[in-house]
Amino acid sequence: MKRIIGATLLALTPMAQAIEYREELAAPNVDFYLELLGTRTDFGSFGADQENGLRIRLGFDLKDATVGRWMWRAEIGLNQFGESQQSTSRFVDPTPLLDDQEIIDQTNIYRATGIELGARIYDSKFFFLRGGAFIYNLKTRNEETRTDADINGNPTGAPNVLVPNEASDSSIGPYLGAGFEFPLVESAKLVTEFDVYRVESEYLRNISLGFRFEF
């Protein structure tokens, strides 16, 4: 009998080790989420207007990575900040000896898009802080039209549209933000947040409102 018990225990030893090994490799305790947000970005640092845009974000809650009641999250988001523009008009005197002028109309157009990679710390109730790196592309376009005018500023000829100047700059900069989550129904929340993105040595301030879905 003792031999049978001993043989049985010996046979079960690899199985017990395999179960222990599987427990050590258990999947991390995480919940995934998707956020869809409408945005409003202030291009004032570029001298332009505010513009509407869109943000789509994927992330997961690291339920085992906590600091007191605060829980860490990791996320990636796609930002479309929209297209904003600044228009100016001025008079110049191209021929000082003659009584005529030239009207110069300029329009600067800015379009910003990018991907954010970052982390968020959440108080497990309503409030969160977030930050990370913003990999962006900023496209600019300068359009200029020149029109002859008399001394009183009245056009005397057809507008002359010049060839636009275009540029596209890609780089990486930091971002910081804060926001609130308000439960609606199970697995869905209302989200509002304020973020600041550094783009081309300037700051784009951004407010957003949307929904968070957990799965």
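Attention here is on the structure that accompanies the text. (Residues numbered from 1 in each chain as written. Predicted model: local features only at pLDDT ≥ 70, side-chain atom pairs only at ≥ 80, totals over all residues. Heavy atoms only, no water.)

**A few points about the overall build of the protein**
Helix and strand content of the protein: 1 helix and 9 strands. Going residue by residue from the N terminus, the α and β elements of the protein occur as α-β-β-β-β-β-β-β-β-β. Across the 215 residues in the protein, those meeting the buried criterion constitute 31%. Here the analysis covers contacts within the protein between residues at least 6 apart in sequence; of these, 63% occur between residues at least 24 apart. For the protein, the exposed area adds up to about 13,100 Å²; of that, 60% sits on carbon and sulfur atoms. (Helix = DSSP H or I, 4+ residues; strand = E, 2+ residues; numbered from the N terminus. Buried < 20%, exposed > 50% of the residue type's maximum accessible area, 1.4 Å probe, protein only. Contact = heavy atoms within 4.5 Å. Areas by Shrake-Rupley, 256 points an atom, 1.4 Å probe, with all protein chains shown as cover.)

**What about the nonpolar core?**
Core analysis: the biggest nonpolar cluster contains 13 residues, and F43, V199 and L204 have the highest contact counts within it. Broken down by secondary-structure element, the contributors of at least two residues to this core are β4 (100-122), β5 (127-150) and β8 (188-199). For this core, the element with the most residues is β5, which contributes 3 residues. Those residues in contact with F43 that sit more than four places away from it in its chain are A48, D49, E51, F81, G82, S84, Y110, A112 and L204. By size, the runner-up hydrophobic cluster in this structure holds 5 residues, among which are L37, M71, Y122 and F128. (Core = buried A, V, L, I, M, F, W, Y, C linked by side-chain atoms within 4.5 Å.)

**Quick look at the pairing of strand β1 (residues 30-42)**
Bridge count between β1 and strand β2 (residues 50-67): 13 bridges; the pairing is antiparallel. Its bridge partner being in β2, T41 is matched across the sheet by E51. Pairing of β1 with strand β9 (residues 202-214) involves 10 bridges; the strand directions are antiparallel. Note that in β9 the partner of Y33 across the bridge is E214. (Pairing = 2+ DSSP bridges.)

**Description of unusual backbone geometry**
Look at E200: it is not a glycine, yet its phi comes out positive at around 50°. Along the chain, the position of E200 falls in the loop between β8 and β9. Judged by its relative accessible area of 32%, E200 is partly exposed. Although it is not a glycine, S201 sits at a positive phi angle of roughly 65°. Summarising the element assignment, S201 is placed in the loop between β8 and β9.

**Overview of the packing of aromatic side chains**
Under the definition given, this model contains 12 aromatic pairs. Put simply, the rings of F81, F134, Y136, Y175 and Y197 touch in pairs and so form one group of aromatic residues. Just above the ring of Y33 sits the side chain of R73; from NZ or CZ to the centre is 5.5 Å. Over the face of the ring belonging to Y122 we find R73, whose NZ or CZ atom lies 4.0 Å from the ring centre. (Phe/Tyr/Trp six-rings, centres within 6.5 Å; stacked < 30°, edge-to-face > 60°. Lys NZ or Arg CZ within 6 Å of the ring centre and 35° of its normal.)

**Let's talk about the pairing of β8**
As judged from the 10 bridges shared by strand β7 (residues 165-185) and β8, these two strands associate in the antiparallel manner. When the bridges of β8 are listed, F182 appears paired with L190. A loop of 2 residues connects β7 with β8, the two strands running antiparallel in sequence, and S187 in this loop sits at a positive phi of about 70°. The sheet contact formed by β8 and β9 spans 12 bridges and is antiparallel. Residue pairing across strands places F194 opposite I207, the latter belonging to β9. Count of turn residues in the β8/β9 antiparallel hairpin: 2 residues, of which E200 carries a positive phi of about 50°.

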